[in-house]
Amino acid sequence: MTHSIISLKNISVSYDGEQVLKGFNLDIHDGEFVTLLGPSGCGKTTVLRTIAGFVTPEAGDVFFNETKINDLPPHKRELNTIFQKYALFPHLNVYDNIAFGMRIKRKKESEVKKTVVELLELVNLSGYAHRGIAQLSGGQQQRVAIARALANEPKILLLDEPLGALDLKLRKDMQVQLKEIQQQTGITFIFVTHDQEEALSMSDTVVVMDGGEIQQIGTPIDIYNEPKNAFVADFIGESNILDGLMLEDFKVRFAGHLFPCLDKGFSKNTPVDVVIRPEDITFVPQDASHIKGEVTNVTFKGVHYEIIVDVDGFKWMIQSTAYQAIGEKIGLSILPDAIHVMEKSDYSGTFGDYSTFSDEMEEDMILEEEAELEDENEV
Ligand SMILES: Nc1ncnc2c1ncn2[C@@H]1O[C@H](COP(=O)(O)OP(=O)(O)O)[C@@H](O)[C@H]1O
Ligand SMILES: [Mg+2]
């Protein structure tokens, strides 16, 4: 394992008496693509600004390559930040934008040229050197901003939701390019997003945050396959989350039945959360399963159908390439490796049936709100 290039130790930050980070700890390894992922307001930008030196924590230490840098001003830290707004110099062309920092440092013009040409190639903009900034698309401007940041030879690049303003297709394209740039340069990237798909597809390590706290750190595959609590399970992809009882090793009870599973190490009869991904459930005839229900909703999603099955009032979400008609009476088959057992947490029970972010739930919530409004109006 490489050493930590950044270490945050027990960092506390408050705004107007409201604590945003409380005893926050994070180690980032040299050369990693790390993503801070979490809902809006969970403290991601605050973590980045603490690393960059724009926020002075009221407690805790920031280490860079094992040296404490609490008192080092931002411009002396060997890192650069890229924001959603690129802040390029509009009156300078692409070449001069990228060369700007090197010229301030009074580098030789021959050296400047060599670096700019290399960087233009790296960000796929060779041939654009003499374009004006206004003549570039959003994605191209973004790449100029990246080249300009890299020209300063930072050890770390901080990227705060840099792709947020781009449309979906361009965004996907830039995700691939950013990842390539990171791999080619070997520079540590600390990337912030609230988009779970973006985090999973780009990162070596994902840091899932909520309420100023780290909920889980791991590789994208670990985070997806082994969520630590109901928040992570719900935030990363769609999930069916049920109350369960871990009877003993490899035996869990939920939905009124006993299931064999792969989990162990809980004490006997421990209440747990059980997470089952929609793509891990298959349909069988009703008499072949304990879990019997009725299809209440079918949505075509391109690669698969998203099918809602009502089982005794609990709505399961299943993703399947097999079409099922609304009203169909059907059984659900769940194999041991599809069952993920998690300890109860503060988040237990806060997620209803399947994912809170699903369309059907949203519709239900809107209907409920409308009903409440009507009630109020009647009083
Ligand atoms: N300069 C500030 N003054 C007051 N409150 C702030 C300031 N910056 C952030 N906050 C608050 O701190 C919390 C975390 O913010 P932030 O780190 O920007 O979250 P994120 O980037 O995850 O959306 C939010 O509740 C936000 O309103
Ligand atoms: Mg932010």
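As the structure is a computational prediction, the values presented were derived from the model and not from experiment.

Colleague: How should I be thinking about helix α2 (residues 94–104) in this particular structure?
Modeller: Because an α-helix completes one turn every 3.6 residues, residues spaced three or four positions apart along the sequence face the same direction. Here α2 has its buried residues at Val94, Tyr95, Asn97, Ile98, Ala99, Gly101 and Met102. Those residues of α2 that are buried lie in contact with α3 (109–122) and α4 (138–150). Between a side-chain oxygen at the N-terminus of α2 and the backbone nitrogen of tyrosine 95 the separation is 3.1 Å; the capping residue is asparagine 93.

Colleague: How should the environment of histidine 75 be read in this particular structure?
Modeller: Tracing the chain through its elements places histidine 75 in the loop between β5 (67–68) and β6 (79–82). Given a relative accessible area of 67%, histidine 75 falls into the exposed group.

Colleague: Please explain the domain arrangement of the protein as it appears in this structure.
Modeller: Interface size is commonly expressed as the accessible area that is lost once the parts come together. Domain annotation of the protein identifies domain 1 (4–225) and domain 2 (230–378). Just the C-alpha atoms count here: the centres of domain 1 and domain 2 sit 37 Å apart. On the domain 2 side, the residues contacting the 14 residues of domain 1 number nine residues. Taking both sides of the interface into account, the surface hidden between domain 1 and domain 2 amounts to around 1,000 Å²; carbon and sulfur atoms contribute 65%. Of all residues in domain 1, Gln196, Gln215 and Tyr224 bury the most surface against domain 2, accounting for 45% of the area lost on that side. On inspection of domain 1 and its partner domain 2, the count reaches zero salt bridges. The interface formed by domain 1 and domain 2 contains six residue pairs in polar contact (both at pLDDT 80 or more). At the level of secondary structure, the elements contributing two or more residues to the side of domain 1 that touches domain 2 comprise α6 (196–202), β9 (205–210), β10 (213–218) and α7 (220–225).

Colleague: Looking at this model, I keep getting lost on the confidence of the model for the protein. Mind explaining?
Modeller: Fine structural detail should not be taken from predicted coordinates in areas where pLDDT scores are low. Overall, the predicted model of the protein reaches an average pLDDT of 91, with 92% of residues at or above 70. Low pLDDT, under 50, characterises residues 355–362; the predicted model gives this stretch 19 contacts beyond four residues in sequence or across chains.

Colleague: Explain the site of ligand 1 to me, please; I cannot follow it from the model alone.
Modeller: Residues in close proximity to ligand 1 include Tyr15, Asp16, Val20, Pro39, Ser40, Gly41, Cys42, Gly43, Lys44, Thr45 and Thr46, which together make up its full environment. Between cysteine 42 and ligand 1, the recorded distance is 3.2 Å, taken from a backbone N or O atom to an oxygen atom. Between an oxygen atom of ligand 1 and a side-chain N or O atom of threonine 45, the distance comes to 2.8 Å. Relative to its unbound accessible area of 560 Å², ligand 1 is 57% covered by the protein chains. Along the lines of polarity and charge, the residues of the shell around ligand 1 split into four nonpolar, five polar and two charged.

Colleague: Where do I start with the pattern of salt bridges in this structure?
Modeller: Between side chains of opposite charge, a pair can form as their charged atoms come close. Tallied over the entire structure, the rule returns 14 salt bridges. Its salt-bridge partner being aspartate 61, residue lysine 68 comes within 3.6 Å of it at the nearest N-O pair. In this structure aspartate 61 comes out as partly exposed when scored by relative accessible area, which is 23%. A network of salt bridges, in which partner residues are shared, links Asp96, Arg103 and Glu109.

Here is what the cut-offs are and how they apply
Counting of residues starts from 1 at the beginning of each chain's written sequence and follows it residue by residue. For this description, chains carry letters from A and ligands carry numbers from 1, given in the order in which they are written. Local features in this predicted model are restricted to residues of pLDDT 70 or higher, and side-chain atom pairs are both shown and tallied only at a pLDDT of 80 or more, whereas totals for entire chains, interfaces and linings draw on every residue. Excluded from the side-chain calculations are hydrogens and water; all other atoms, namely the structure's heavy atoms, are used. Buried means the residue's accessible area, taken with a 1.4 Å probe over protein chains only, is under 20% of the maximum for its type, while exposed means over 50%, and partly exposed covers the values in between. Each helix is a run of DSSP H or I of at least 4 residues and each strand a run of E of at least 2, with the numbering of both proceeding from the N terminus. Residues count as neighbours in contact if any of their non-hydrogen atoms are within 4.5 Å of one another. By the criterion applied in these results, polar contacts are pairs of N or O atoms within 3.5 Å in which, for protein atoms, one can donate a hydrogen and the other can accept it, and in which residues neighboring in sequence qualify only through two side-chain atoms. Note: domain ranges come from an automatic or database domain assignment. Here the buried area means the combined drop in accessible surface, using a 1.4 Å probe, for two parts upon being joined, counting both sides. Any Lys or Arg side-chain nitrogen found within 4 Å of a carboxyl oxygen on Asp or Glu counts as a salt bridge. Per-residue confidence from the prediction method is given by pLDDT, with values spanning 0 to 100. Consider each residue's heavy atoms; a residue with any of them within 4 Å of a molecule or strand counts as near. Every accessible area reported is derived by Shrake-Rupley at a probe size of 1.4 Å, with residue values counting cover from the shown protein chains alone. All amino acids are sorted into three groups, where Ala, Val, Leu, Ile, Met, Phe, Trp, Tyr, Cys and Pro are nonpolar, Asp, Glu, Lys and Arg are charged, and the leftover types, Gly among them, are polar.

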